[in-house]
Amino acid sequence: MTNPERKVWSQEYSEWFHKVIADVPIYDTRYPVKGTGIWMPFGFRIRKEVLSIIRDELERTGHEEVLFPLLIPEYLLSKESEHIRNFEDEVYWVTHGGKTPLEVKLALRPTSETAMYPMFKLWINAYSDLPLKIFQIVNVFRYETKATRPMIRVREVSTFKEAHTAHATREEAEEQERIGIEVYSRIFERLKIPFLTTTRPDWDKFPGAERSVAFDTVMPDGRVLQIGTVHFLGQGFAKAFDIKYMKSDGNYEYVWQTCYGISERAIAALISVHGDDHGLVLPSEVAPVQVVVIPIVYKGREEEVLKRCREVKDTLERSGLRVAIDDRRDITPGNKYYAWEMKGAPVRVEIGPRDLDNNTAVLVRRDTLSKTHVNVDGVVDEIRKIMIQIDEGLAERSREWMKSMVREVETIEQAKGELDARGGVVELNWCGRTSCGEELEKMIDARILGVPFDKDKGKNEPSLNGAKCAGCNEAATKKIRVARSY
Ligand code: 5CA
Ligand code: ZN
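Residues numbered from 1 in each chain as written. Chains lettered and ligands numbered in written order. Predicted model: local features only at pLDDT ≥ 70, side-chain atom pairs only at ≥ 80, totals over all residues. Heavy atoms only, no water.

Notes on the overall build of the chain
1) Next: Across its full length, the chain carries 15 helices and 23 strands.
2) Next: Expected size for 486 residues packed as a compact globule is a radius of gyration near 23 Å; at 25 Å, the chain falls within 12% of this value.
3) Next: Considering only C-alpha atoms, the chain reaches an extent of 85 × 55 × 50 Å along its principal axes.
4) Next: Each of the 486 residues in the chain was classed as buried or not, and the buried ones make up 54%.
5) Next: Long-range contacts, defined as pairs at least 24 residues apart, comprise 70% of the intrachain contacts of the chain with a sequence gap of at least 6.
6) Next: About 21,900 Å² of surface is accessible on the chain, with carbon and sulfur atoms providing 49% of the total.
7) Next: A distance of 2 Å separates the average location of the 72 positive side-chain charges in the chain from that of its 77 negative side-chain charges. (Helix = DSSP H or I, 4+ residues; strand = E, 2+ residues; numbered from the N terminus. Rg over C-alpha atoms; globule rule 2.2 N^0.38 Å. Buried < 20%, exposed > 50% of the residue type's maximum accessible area, 1.4 Å probe, protein only. Contact = heavy atoms within 4.5 Å. Areas by Shrake-Rupley, 256 points an atom, 1.4 Å probe, with all protein chains shown as cover. Lys, Arg positive; Asp, Glu negative; His and termini not counted. Charge placed at Lys NZ, Arg CZ, Asp CG, Glu CD.)

Written out as structure tokens, the structure is:
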């Protein structure tokens, strides 16, 4: 295999990312408001394909799409005390209509619990109104104080998918929490993004949640990125917003809720996890252009070659593939290869005069850049086969990479040593005490991501057989993950 290099990708990841999103182009960061950006046409198409996976997975599990207003009156935003305490410093306020001060300040939603749940109160009365499962894909605004980064930490999150559910019992809501985790797992599996599911420690939960389970992935520079979260909300919001239903015995019960969110950060991860020194590499399902056809023209046979290329393009399109033909006349084939490698088109088809004579085409796959000569009549099947190989290859390569970046360690020194050397995630034993956790974070100079979330058991406690806490040497009660993160 002639796998392209991933040197720049891993060693100068931040520059790599900025260059790729600018050169493709995917996302323009030059808009003069900090923490915002513009989805450029090719980036918008990637975003559209990713959103169609997200919609698909949500809709097939019974979530219905809705659209709520952007503005939230202050008295609603501040109803759940923990929620507002944590978001207070991040909220953008609308205070005027023209020159007139507003009687009630309006927040730009930082997330939509406090916009949706007053309406839940109106919609939910009887048991038969449950479960309620909705989602929306909107922009949200957070005045982030940490360094902003394109797509990864923005102040206008332009692609915020939030799902919100309400249930009759704790058990049903916990079942929904598991379903939410499964939905996200399938989304990331389709994107070939490897992930860890980790229950966040109490001090790092979503404000107002009883439990937060995060999806984390490792970026090329070894730093960890949270790419989605599933929150079990318990009854806290239901009590604050008075959302209840009448049970069969005539008594009222507050509903049990969950919510889960994912943003363009997942698209930043998609770009970052699979890329190489030539630019984007995309799984076929989200590649805006799955096949690019490039005519190799020689004097005298231009029209013939172009005609064949157009025929091939039509055939491929009729079979359902997304195809482009690059028939620009003033650009060399070499420069076209370069441009389409940058854009991550999974398969390139080259057709020149010799191919006309032999009824062949050359196929080049983006991940390995290896070439095969095929008969034109079998081109659809060959391309489909290659796309499956690429997708499986990307899934495996990223899974292996992730696996190599998660290590078990015993001591704080080892943890620090590993993170200094390669980043990624270290797992170690912990006593479970907050004060010890804070100390541990300081000594390792990293963040406690939390406890591994065990999908099968729904339980978080592996057996620790007398193990000692890496921080204080007392009896360990949990295995924790620690990382340096975005
Ligand atoms: N209401 C809940 C669930 S919808 C919520 O807001 N959860 S969250 O705060 O954890 O956000 C959900 C996901 O959005 C996060 O896991 C993270 O991947 C992404 N996200 C959060 N803030 C930003 C930001 N400033 N820029 C880009 N993505 C973000
Ligand atoms: Zn301890």
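Some words on the packing of aromatic side chains
1) Next: Summed over the entire model, instances satisfying the criterion amount to 20 aromatic pairs.
2) Next: Over the aromatic face of Y486 sits the side chain of R223, whose NZ or CZ is 4.1 Å from the ring centroid.
3) Next: For the cation-ring pair, K343 lies above W340, with the distance from its terminal atom to the ring centre recorded as 5.7 Å. (Phe/Tyr/Trp six-rings, centres within 6.5 Å; stacked < 30°, edge-to-face > 60°. Lys NZ or Arg CZ within 6 Å of the ring centre and 35° of its normal.)

With respect to the coordination of the zinc ion (ligand 2)
1) Next: Here the zinc ion (ligand 2) is held by C431 (SG), C436 (SG), C469 (SG) and C472 (SG), and the distances to it run 2.3 Å.
2) Next: Seen from the zinc ion (ligand 2), its four donor atoms lie at angles of 103 to 118°, and the figure they make is tetrahedral.
3) Next: Each donor residue of the zinc ion (ligand 2) belongs to the same chain, and together they define the spacing C-x4-C-x32-C-x2-C. Here C436, found in helix α15 (residues 434-444), pairs with C469, found in the loop between β22 (447-452) and β23 (478-483); they are 33 residues apart in sequence, far enough to count as distant. You'll find C436 and C469 in the same group, each marked buried. (Donors = N, O, S within 2.8 Å, 3.2 Å for Na, K, Ca; no water. Tetrahedral: all angles 85-135°; square planar, octahedral: opposite > 155°, others 65-115°.)

What to know about the environment of V293
1) Next: Counting through the fold element by element, V293 comes out in strand β15 (residues 291-295).
2) Next: Considered as a pair, V293 and D454 are 161 residues apart in the sequence and their alpha carbons are 46 Å apart.
3) Next: Among all residues touching V293, those that are not within four sequence positions of it are C309, L316, V323, A324, I325, D326 and V349.

Let's talk about the side chain of S398
1) Next: Inspection of the secondary structure assignment puts S398 in helix α13 (residues 379-404).
2) Next: Excluding residues that lie within four positions of it along the chain, S398 makes contacts with K192, P194, V273 and H274.

Observations concerning the nonpolar core
1) Next: I26, F188 and I271 are the most contacted members of the largest nonpolar core, which totals 65 residues.
2) Next: Viewed by domain, this core spans two of them, domain 1 (8-274) and domain 2 (291-389), each represented by three or more residues.
3) Next: Not counting the four nearest positions on each side in its chain, I271 is found in contact with W16, F17, V20, I21, I26, M151 and L280.
4) Next: Core analysis: the next-biggest nonpolar cluster, separate from the first, contains 28 residues, I84, I124, A168 and F206 among them. (Core = buried A, V, L, I, M, F, W, Y, C linked by side-chain atoms within 4.5 Å. Domains from an automatic or database assignment.)

Comments concerning a nonpolar patch on the surface
1) Next: Where nonpolar side chains cluster on the molecular surface, the patch consists of Y31, V33 and I38 and spans about 260 Å² of accessible area.
2) Next: Along the polypeptide, V33 turns up in the loop between β1 (27-28) and β2 (38-39).
3) Next: For V33, a relative accessible area of 41% gives the class partly exposed. (Patch = residues over 30% accessible without salt bridge, like charges linked within 9 Å, V, L, I, M, F, W, Y side chains within 5 Å. Salt bridge = Lys/Arg side-chain N within 4 Å of Asp/Glu carboxyl O.)

Some points on the domain arrangement of the chain
1) Next: The domain architecture assigned to the chain consists of domain 1 (8-274), domain 2 (291-389) and domain 3 (406-483).
2) Next: One C-alpha centre belongs to domain 1, the other to domain 3; they are set 27 Å apart.
3) Next: With 17 residues of domain 1 in contact, the opposing surface of domain 3 contributes 20 residues.
4) Next: In total, domain 1 and domain 3 occlude about 1,500 Å² of area from one another, counting both sides; carbon and sulfur atoms represent 62% of this. (Buried area = accessible area lost by both parts, 1.4 Å probe.)

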